[in-house]
Amino acid sequence: MEEGQRELHFTYLDTVGRPVVVASKSNLVVTAHTGLRATLLLQQGVYCYKSHCLLSVHSTCFHACYHLHEAGLCYQQG
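None of these values were measured; they are calculated from a predicted model.

### Topic: the overall build of the protein
Of the regular secondary structure elements, the protein holds 1 helix and 2 strands. Counting from the amino terminus, the protein carries its helices and strands in the arrangement β-β-α. By the burial criterion, 3% of the 78 residues in the protein qualify as buried. A separation threshold of at least 6 residues defines the contact pool for the protein, and within that pool the share at least 24 residues apart is 3%. Only carbon and sulfur atoms are counted for the fraction: they give 61% of the accessible area of the protein, which is about 7900 Å².

Given below as structure tokens:
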């Protein structure tokens, strides 16, 4: 590993900068293991889709009942 020059690194909304040391290495192999299963990701997507559909149906029914009530076509008990 070779040490390079020292410089300032600016991050998001950073005005001062942070001192960093630049290092370089040749023939570096990077591996990353996420531990996430594809079925879990699909399952979360399905849950998200189901909740969106349920919310959409609920709001549509609410609007329809509201307009029926405003027009006097809604049956009221009591």
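### Remarks on the pairing of strand β1 (residues 2-9)
Counting buried residues along β1, only 0 of its 8 residues qualify, which leaves the element largely exposed. With 6 bridges connecting them, β1 and strand β2 (residues 18-24) associate as antiparallel partners. Bridge pairing in β2 places E2 opposite S24.

### Regarding helix α1 (residues 38-71)
Between its first and last C-alpha, α1 extends 50 Å over 34 residues, near the 50 Å set by a 1.5 Å rise per residue. Positioned one or two residues after α1, G72 has a phi angle of 80 degrees, which is positive.

### Side note on the confidence of the model for the protein
On average, the protein scores 76 in pLDDT, and the residues at 70 or more come to 87%. Within the protein, the lowest mean pLDDT, 77, falls on α1, and the highest, 81, falls on β2.

Reading the values: the criteria
Residues numbered from 1 in each chain as written. Predicted model: local features only at pLDDT ≥ 70, side-chain atom pairs only at ≥ 80, totals over all residues. Heavy atoms only, no water. Helix = DSSP H or I, 4+ residues; strand = E, 2+ residues; numbered from the N terminus. Buried < 20%, exposed > 50% of the residue type's maximum accessible area, 1.4 Å probe, protein only. Contact = heavy atoms within 4.5 Å. Areas by Shrake-Rupley, 256 points an atom, 1.4 Å probe, with all protein chains shown as cover. Pairing = 2+ DSSP bridges. Expected span 1.5 Å × (residues − 1). pLDDT = per-residue confidence, 0-100.

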